[in-house]
Structure formats: structure tokens, C-alpha cells
Amino acid sequence: MAAPISHIVLAQKIYKNHFSNLNSTDFFIGTLFPDIRYLGCINRNETHYLNVDLLALKKETAFEAGLKFHSYIDLTRQKFLDDKKLSSYCPKIKYLEQSIKFYEDILFYDYVMNWQLYINNLNEVNLNELKFNINKDTILKWHQSLQNYFNEKPNKDSIKNFIISIGFSEEVSNEIVANIKILNKIDEIKPILNLLYENFS
């Protein structure tokens, strides 16, 4: 699983070559939508898929393609990191998986030059999001959390604020931020995460 910035960065990397026929706003809103589940408003299995055919996505609506591409990123990313044995370089600490995700977001943020575009796209509820019977205010809360998070390169405060905004405790957020400092000192981790971006196609 990836965190929001990595989802946008990796989706943008392949959008032009694979999905340029689809409405970009709907596609990227769809890509971000599945993790609204963290707000406790929908079950994970309603927005995440175990198998995704990349070619078949081109025949979907833009939102549906983005929605399912979210799972494609999660599955492809996890397989890559497992193949590279990333976890073998990491200490046995709580919230390791989540900490890697946010460290990855820090590394990937600068690959996108137009974050304001994605922030603006989140100003309103997309009609496709309403099909999941989630309260409009909850969707807007999700959008606001993403907008705040996208507004600057992730740092300890923005990461903590985002984690808390989606329902985790301050204690959890503090542990994740502390873990990121640890991960940053392990020489093997950053090159593997950078390879993930470079090889994602």
C-alpha cells in the first residue's frame, strides 16, 4: 500500500502513456478515493481489488479506472519492495509499514511540479464519489486532509497532522515521525524506494 503523495506521483508517471484518453480530474480523484476508508465510512474491500488488469482499465470510466489503479499501485509497489527485501534492512519497530509509506512520500514529492492542480481538483465533491453512499461532509473532510497534506513537501508537522486528521492518535503519529528519522539513516532504504519510482511503468 502507498500513501497519498506516492499514489499521485506514480499515477502521474504513467497517465500520459496509458490513460490520456480519460478525464484526468476524475482519474486522479478516483486514484485517491479508496483510502477514504480510514475515516471509517466504508469497508476496505469495497474500494480495493485483489487483481487488476491494467489493459482492462482503459475501457473503464475515468473514475473507475483511477479507483482500480489505486489497487494496481498498492499491489505492484508491495511486490517490488518484497522482491528487494526492503524490510530486511529495517529495525523491528511498530508502524514500520506506515513509516515507510510516509518516508516514501517525502522522497517522491518533488517528482510532481503542479501540486496546486491536484489541490484545486479537491475543492468539490466529485459526483462519482457520491455513488458509494458516503456522507458529503465526510468526503469533503477527506479532500481537506489531502489538500493540507499536498500543500508542501511532507515534514514532521504535516505528516503528524495528516495522520491525526484521518483518525489515528497523536501517539501513533509521533511514533511514525520518529521512525522516519530512523529509516532516513539506513543507507539501503532510500535507493530501493527511488528504484521503485524509476522502474514503475
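The structure reproduced in this document is the subject of the present report. (Residues numbered from 1 in each chain as written. Predicted model: local features only at pLDDT ≥ 70, side-chain atom pairs only at ≥ 80, totals over all residues. Heavy atoms only, no water.)

Looking only at helices and strands, the chain has 10 helices and 0 strands in total. Its C-alpha atoms give the chain a radius of gyration of 16 Å, near enough to 17 Å, the size a compact globule of 201 residues would have. The buried share of the chain, taken over its 201 residues, is 50%. Of the contacts formed within the chain by residues at least 6 apart in sequence, a portion of 75% connects residues at least 24 apart. Split by element, the accessible area of the chain, about 10200 Å² in all, is 48% carbon and sulfur. Here the chain holds 23 positive side-chain charges and 24 negative ones, and the gap between their average locations is 3 Å. (Helix = DSSP H or I, 4+ residues; strand = E, 2+ residues; numbered from the N terminus. Rg over C-alpha atoms; globule rule 2.2 N^0.38 Å. Buried < 20%, exposed > 50% of the residue type's maximum accessible area, 1.4 Å probe, protein only. Contact = heavy atoms within 4.5 Å. Areas by Shrake-Rupley, 256 points an atom, 1.4 Å probe, with all protein chains shown as cover. Lys, Arg positive; Asp, Glu negative; His and termini not counted. Charge placed at Lys NZ, Arg CZ, Asp CG, Glu CD.)

Looking now at the environment of Ala11. When you line up the elements, Ala11 lands in helix α1 (residues 4–18). Judged by relative accessible area, which is 0%, Ala11 ranks as buried. When the C-alpha atoms of Ala11 and Tyr72 are compared, they prove to be 9.8 Å apart, with 61 residues separating the residues in sequence. Apart from the residues lying within four places of it in its own chain, the contact partners of Ala11 are Phe27, Phe28, Thr31, Phe69 and Ile73.

Further remarks concern the side chain of Ser71. Structurally, Ser71 is set in helix α4 (residues 62–83). Among the polar contacts listed, one links the side chain of Ser71 to the backbone nitrogen of Tyr49, at a separation of 2.9 Å. Beyond its immediate stretch of four places on either side in the chain, Ser71 contacts Thr47, His48, Tyr49 and Val52. (Polar contact = N/O pair within 3.5 Å; in protein donor to acceptor, adjacent residues only side chain to side chain.)

Another point: the packing of helix α7 (residues 136–150) against helix α8 (residues 156–165). Contact geometry of α7 with α8 gives a least axis separation of 9 Å together with a crossing angle of 170°. Relative to α8, the element α7 is oriented roughly antiparallel. Note on element contacts: α8 touches α7 through Ser158, Ile159, Phe162 and Ser165, opposite Lys141, Trp142, Ser145, Leu146 and Tyr149. Taken together, the residues of the contact of α7 with α8 break down into 5 nonpolar, 3 polar and 1 charged. (Axes fitted to C-alpha atoms, helices over the stretch in contact; angles between N-to-C directions. Parallel < 35°, antiparallel > 145°, perpendicular 65-115°, else oblique. Nonpolar A, V, L, I, M, F, W, Y, C, P; charged D, E, K, R; others polar.)

Turning our attention to the nonpolar core. Among the nonpolar cores identified, the biggest contains 68 residues, and Phe19, Phe27, Phe69, Phe102, Trp115 and Phe150 are the most heavily contacted of them. For this core, the element with the highest residue contribution is α4, accounting for 8 residues. (Core = buried A, V, L, I, M, F, W, Y, C linked by side-chain atoms within 4.5 Å.)

Compared with an ideal rise of 1.5 Å per residue, which puts 13 residues at 18 Å, helix α5 (residues 96–108) spans 18 Å between its outermost C-alpha atoms and is within 8% of the ideal. Those residues of α5 that sit buried are Leu96, Ser99, Ile100, Lys101, Phe102, Tyr103, Glu104, Asp105, Ile106, Leu107 and Phe108. Buried residues in α5 make contact with α1, α4, α7, α8, α9 (170–184) and α10 (189–199). (Expected span 1.5 Å × (residues − 1).)

Below, the discussion takes up α7. Compared with the 21 Å implied by 1.5 Å per residue over 15 residues, the 21 Å span of α7 between its first and last C-alpha is a close match. By the burial criterion, the buried members of α7 are Ile139, Trp142, His143, Ser145, Leu146, Gln147, Tyr149 and Phe150. On the buried face of α7, the contacting elements are α1, α2 (24–32), α5, α6 (115–121) and α8. Where α7 begins, the capping side chain belongs to Asn135, and its oxygen is found 2.7 Å from the backbone nitrogen of Asp137.

Right, let's talk about unusual backbone geometry for a bit. Notably, Tyr95 is not glycine yet its phi reads approximately 60°, a positive angle. At Asn133, a residue that is not glycine, the phi angle is positive and equals roughly 55°. Structurally, the position occupied by Asn133 is in the loop between α6 and α7. Among the residues examined, Asn133 registers a relative accessible area of 73% and is labelled exposed.

Moving on, we get to the pattern of salt bridges. Tallied over the entire structure, the rule returns 6 salt bridges. The salt bridge involving Asp35 is made with Arg37; its shortest N-O contact spans 3.7 Å. Overall, Asp35 belongs to the buried group, its relative accessible area being 7%. Linking Glu175 and Lys94 is a salt bridge whose minimum nitrogen-to-oxygen distance equals 3.9 Å. Here Lys94 lies in the loop between α4 and α5 and Glu175 lies in helix α9, a separation of 81 residues in the sequence. Exposure remark for Lys94: the relative accessible area of 49% places this residue in the partly exposed category. (Salt bridge = Lys/Arg side-chain N within 4 Å of Asp/Glu carboxyl O.)

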